[in-house]
Amino acid sequence: MSLKNKTAVIFGGSGAIGSAAAYALAREGATVYLAARDQARLEHVANRIHAAGGSARLFVFDALDADATLPDVAGIDIVVNATGFMHDQGKRLDALTLSEFRQGFDPFLAAYFNIAKAVAPRMGGERAGTLITVVAPAANMAMPGHLGHIVGCAGTEALTRALAAELGAKNIRVLCVRSHAIADAVQAGSGVGDLFAIKAQAMGITVEQFLEGAAQSTMLNRLPTLEQVADTIAFLASDAAGAITGTKVNMTAGATTI
């Protein structure tokens, strides 16, 4: 699964999932570029990769800015979209405003579109490219109080298929990794910790109890880990997965099967 001589750009590279993916890709030999809005957090991740013997560079990038430009990174082989945005989970239709509803999908789809538009001209051709997005599992779930979130997840998976059809002729594969709540993401500083805290408080339980309940709702009675998600991303980015495109990889431990 060697990624030697590959160049990877991780958007959301300062977050728990993005940084885990960066470590995994660097470990497999890729030169990693970390992109996010907070330079200090990016530097922290880059320093850890350097300390482990990997190669990492960084640049500040706002994925919601349609005019944001990439630095001079030629020949991009791998792109990981691990961006995330705070949104409402819990309010039902009668209490949900239009802006709160839209927050569940607008920033996620805008970031995905802006990232794809920015990187596609520098990918593909003789050097096969792979664009991987991490998505929550709600697309095929029916849960009260998650209107915008469900639409956002379904839209992300639909955009993956649409981009794969459009970019396949350029030798660019497009995939998404559908992950359940990640067991150790909160401890790693993920922004979902704030979201889970709100949901747990509404249920009168702790975040740890909330995650335990989520684990028990899966077929395996456990949640995926950051390492598992990152290793799956590294595999999908490798030549071994070269025939996989336009689909999702289900890492929900059996919570969803469609």
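Here the structure is shown first, and the text comes after it.
Keep in mind that what you see is a predicted model, and the values were worked out from it rather than measured.

## Considerations on the pattern of salt bridges
- Inspection of every chain in the model, using the stated rule, returns seven salt bridges.
- Note that Glu28 is salt-bridged to Arg27, the shortest N-O span being 3.3 Å.
- You can call Arg27 partly exposed: its relative accessible area is 48%.
- The closest approach of N and O atoms between Arg27 and Asp231, which form a salt bridge, is 3.0 Å. Taken together, the positions of Arg27 in helix H1 (residues 16-27) and Asp231 in helix H8 (residues 226-237) put the pair 204 residues apart, joining distant regions of the chain.
- Accessibility expressed as a relative area gives 27% for Asp231, which makes it partly exposed.

## Some thoughts on unusual backbone geometry
- Look at Asn5: it is not a glycine, yet its phi comes out positive at around 70 degrees.
- Its location among the elements puts Asn5 in the segment before strand S1 (7-11).
- The phi dihedral of Asn221 is positive, around 60 degrees, even though this residue is not glycine.
- Secondary-structure assignment places Asn221 in the loop between helix H7 (207-216) and H8.

Conventions we followed
Residues numbered from 1 in each chain as written. Predicted model: local features only at pLDDT ≥ 70, side-chain atom pairs only at ≥ 80, totals over all residues. Heavy atoms only, no water. Salt bridge = Lys/Arg side-chain N within 4 Å of Asp/Glu carboxyl O. Buried < 20%, exposed > 50% of the residue type's maximum accessible area, 1.4 Å probe, protein only. Helix = DSSP H or I, 4+ residues; strand = E, 2+ residues; numbered from the N terminus.

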